[in-house]
Amino acid sequence: MKIIYTDALIVGGGLAGLRSAIAARDKGLDTIVLSMVPVKRSHSAAAQGGMQASLANSVMGEGDNEDVHFSDTVKGSDWGCDQEVARMFVTTAPKAIRELAAWGVPWNRIGKGDRTIVMNGKKETITERAEAHGLINARDFGGTKKWRTCYTSDATGHTMLYTIANEALKRDVVIHDKKEAISIIHENGICAGVVARDLINGELIAYIARGTMMATGGYGRIYKQSTNAIICKGIGIAIALETGIATLGNMEAVQFHPTPIVPSGILLTEGCRGDGGVLRDKDGHRFMPDYEPEKKELASRDVVSRRMMEHIRKGKGVSSPYGDHLWLDISILGREHIEKNLHDVQDISITFNGIDPADEGEKGWMPVLPMQHYSMGGIRTKPTGESTTLKGLFCAGEASCWDLHGFNRLGGNSVSEAVVAGMIVGEYFATYCQKTHLKTNTLTIQKHLEAQTDYLKEILTYDGDKNIFDIKDRMRDIMQDKVSIFRNGKDLEDAVAELESLLKMTKEITVTSKTIGNNPELNEAYRVPKMLKLALCVAKGALERKESRGAHYREDYTKRDDVNWLKRTIATWTNPEDTMPTLSYEEIDISKMEMPPAFRGYGRKDSIVLNPLSEQRVQEIEKIKETLGKVDRFRLQEALMGFELPRDYKRKNERVGVGYA
Ligand SMILES: Cc1cc2nc3c(=O)[nH]c(=O)nc-3n(C[C@H](O)[C@H](O)[C@H](O)COP(=O)(O)OP(=O)(O)OC[C@H]3O[C@@H](n4cnc5c(N)ncnc54)[C@H](O)[C@@H]3O)c2cc1C
């Protein structure tokens, strides 16, 4: 029985996991990070576009601050987010960018004077302020009011992840890669660590810690077409669900990105549209202004994705051997801009499609189609990042439902969340680890290890006629066809029924190779049932949610319903033998909101069932403002909705030209 003890255990070596590890080491805790792959190959490295933070350095970001970032995030979430978490986030994001700069991330910088940009399909000149010369630049991204997405050309995630990994290594964080957590060890409602499987030799190891954090990323690979790396299977989320205690939030909230390239699904960053690229149909017509006159290509992702599919349904898609698609045209930005700022996009397009997007006109247009991209749902946590129900289990980053994003996350808010949550949740997690004396019984550890050993052995004895890869492919097809951008009750019912029967079928397989280590077939045999449980949470959550909110769009309930559905879906897997999740709901309280629900400013205006409590809250807010009289925005904000944050992160952020105002 191999047992490894540590103070702080972090499962996942992406941006969120590694930044949390730094927080733990900075408090002197022995810290181990587990990862399926070498940490610098985590999915975070694929982020191209950038990281949102309201620095307000560029002239296009002038006037930006925490309040504007907060408002964009809440509207983007379609009021599904936890507004206190959104406040914690926007207050810390500028500090995260600056910390990363101090650690060496080569953020693109501002040069004073004139520069040419493309806006609304036309070249324009903007003049950067002399006092902003050399400061961190930002691009137009994520449907935000001000330009606030900081970037390192189009390799932002790469430079961020390498830098944070280097900082973690510098602090002696211990990294065990090629290890996969396959179950959570818990006793009396307290988390004690995980059972991990060595992906090379199949050995099972119990990692025991005072506190455990899941930072395992999203669950995109339950879909057939996804921009996610193949390790994004959601196993970390599934093993939390399998405890029967930890809960998952809003699993049906799945984001589809408008512009992955066809057919590979590799992402072409939103930075393409942010920098001025446009979408065209089979006639070369730029169609987005017809649907979204204000935001055009830069409306939120759920809106652009739906408009694209709507346009294809009208027969305006370009037919291809891989189905209909539309075009993304960045050639209008000019070769120099592309080679400097969108170099990876150019590389992807040339390597995988033989198209140089800098070539002028049709020749340079890239085929694109919306595909699964981001998982807003995940392990439900308190604002501290601790599971609401399983003590000692924390979660940060895409794996979590913290819940910053509600039903649609803004472009650039996700790498930002990963790092910011790594700072904030990392801090709460580290404090928890410092204070906790774990009393877990060795027998409990042994029991958990044996249960996993027995389970894997049992899989090898299955003697059925089904194949695990076929089951997986069928699951991914169902999710793609029936739990996608447009959803309806009939398809969702069918999806739930078939996913349930697929889950039962996972015991009717035969694994041909019987070796315990280095056996990809065995890997799938224990992963696919976990993925199916998540798929069921998504599909069942989508079926029961009889409204349209953010990325969850029901053709049979097209309105956002703030009267009946201003709530978070909570999924549990109460009994290991269950074949369906148990759903319940967590109300979102309008009376505590700083920003009561209203129109998002894009999408369909007539499609909201407003709750009368929203108007009541608006009036309350007006009264609070009146009573306070002339106060600064910080005092007003505190009066409207208080929020907790470790002291260092609550400090005010300085901005060029305005100081700390
Ligand atoms: C192509 C692409 C481009 C993107 N671009 C942007 C962008 O420009 N801006 C933006 O804000 N967001 C972007 N995103 C989203 C953003 O990159 C992710 O949300 C974010 O990086 C997630 O970070 P993370 O630390 O939560 O998880 P990840 O980086 O996914 O890391 C997860 C870690 O968990 C490990 N792991 C998983 N399961 C297990 C297990 N069972 N046991 C052990 N280890 C496990 C993995 O090995 C990995 O180390 C993009 C996403 C995609 C797909």
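What comes next concerns the included structure. (Residues numbered from 1 in each chain as written. Predicted model: local features only at pLDDT ≥ 70, side-chain atom pairs only at ≥ 80, totals over all residues. Heavy atoms only, no water.)

Concerning the overall build of the protein
Step number 1: The helix and strand tally for the protein stands at 18 helices and 23 strands.
Step number 2: Against the compact-globule benchmark of 26 Å for 661 residues, the protein has a radius of gyration of 24 Å, which places it among compact chains.
Step number 3: In terms of principal-axis extent, the alpha carbons of the protein reach across some 65 × 55 × 50 Å.
Step number 4: Considering the protein as a whole, with its 661 residues, one finds that 62% of them fall into the buried category. (Helix = DSSP H or I, 4+ residues; strand = E, 2+ residues; numbered from the N terminus. Rg over C-alpha atoms; globule rule 2.2 N^0.38 Å. Buried < 20%, exposed > 50% of the residue type's maximum accessible area, 1.4 Å probe, protein only.)

Focus: the site of the ligand
Step number 1: Near the ligand there are 40 residues, and of these Ser-42, His-43, Ser-44, Glu-398 and Ser-414 occur at the shortest range.
Step number 2: One of the backbone nitrogen or oxygen atoms of Gly-50 is found 2.8 Å away from a nitrogen atom of the ligand.
Step number 3: Between the ligand and Val-415 there is a distance of 2.7 Å, counted from an oxygen atom to a backbone nitrogen or oxygen.
Step number 4: Compared with its free state, where it exposes 1,000 Å², the ligand has 98% of that area covered by protein.
Step number 5: Broken down by element, the shell around the ligand gets its largest block of residues, four residues, from helix 11 (residues 413–435).
Step number 6: Residues that form the shell around the ligand fall into these classes: 16 nonpolar, 20 polar and four charged. (Near = heavy atom within 4 Å. Polar contact = N/O pair within 3.5 Å; in protein donor to acceptor, adjacent residues only side chain to side chain. Areas by Shrake-Rupley, 256 points an atom, 1.4 Å probe, with all protein chains shown as cover. Nonpolar A, V, L, I, M, F, W, Y, C, P; charged D, E, K, R; others polar.)

Considering helix 16 (residues 612–628)
Step number 1: The end-to-end C-alpha distance of helix 16, which contains 17 residues, comes to 25 Å, matching closely the 24 Å that a straight helix rising 1.5 Å per residue would cover.
Step number 2: Ser-614, Arg-617 and Ile-621 are the residues of helix 16 that are buried. Burial along helix 16 is one-sided: seen end-on, the buried residues are contained in an arc of 60°. Of the exposed residues in helix 16, the ones pointing more than 90 degrees away from its buried face are Pro-612, Lys-623, Glu-626 and Thr-627.
Step number 3: In this structure, the buried residues of helix 16 make contact with helix 17 (633–640).
Step number 4: Among the residues of helix 16, the N-terminal cap falls to Asn-611, whose side-chain oxygen and the backbone nitrogen of Leu-613 are separated by 2.9 Å.
Step number 5: Directly after helix 16, the chain includes Gly-629, whose backbone phi takes a positive value near 70°. (Expected span 1.5 Å × (residues − 1). Arc of directions from axis to C-beta. Contact = heavy atoms within 4.5 Å.)

Observations concerning the sheet that holds strand 13 (residues 278–280)
Step number 1: The three strands lie next to each other as 13-14-15, forming an open sheet whose pairing is antiparallel. A strand with exactly one partner marks an edge of an open sheet, and here the two such strands are strand 13 and strand 15 (366–368). The sheet shows a mean angle of 40° between the axes of neighbouring strands, direction not considered.
Step number 2: Of the strand pairs in this sheet, strand 14 (residues 326–329) and strand 15 are connected by three bridges, and their pairing is antiparallel. Of the residues in strand 15, the one forming a bridge with Leu-328 is Met-366.
Step number 3: Across the face of the sheet, helix 8 (residues 301–316) comes into contact with strand 13, strand 14 and strand 15 while running at roughly 130° to strand 14. (Pairing = 2+ DSSP bridges. Axes fitted to C-alpha atoms, helices over the stretch in contact; angles between N-to-C directions.)

Focus on the packing of aromatic side chains
Step number 1: Within this structure, the stated rule accounts for seven aromatic pairs.
Step number 2: Relative to Phe-429, the ring of Phe-394 lies with its centre 5.3 Å away and its plane at 65°, an arrangement referred to as edge-to-face. Taken as a pair, Phe-394 in strand 18 (residues 393–395) and Phe-429 in helix 11 lie far apart in primary sequence, 35 residues in all.
Step number 3: Ring geometry for Phe-394 against Tyr-432: centres 5.4 Å apart, planes inclined by 55°, an arrangement best described as tilted. Of this pair, Phe-394 sits in strand 18 while Tyr-432 sits in helix 11; the two residues are 38 residues apart in sequence, bridging distant segments of the chain.
Step number 4: Its relative accessible area of 11% is what places Tyr-432 among the buried residues.
Step number 5: A connected cluster of aromatic rings, assembled from ring pairs, spans Phe-394, Phe-429 and Tyr-432.
Step number 6: Lying across the ring of Tyr-374, Arg-409 places its NZ or CZ 4.4 Å from the centre.
Step number 7: Sitting over the face of the ring of Tyr-585, Lys-567 holds its NZ or CZ atom 5.5 Å from the ring centroid. (Phe/Tyr/Trp six-rings, centres within 6.5 Å; stacked < 30°, edge-to-face > 60°. Lys NZ or Arg CZ within 6 Å of the ring centre and 35° of its normal.)

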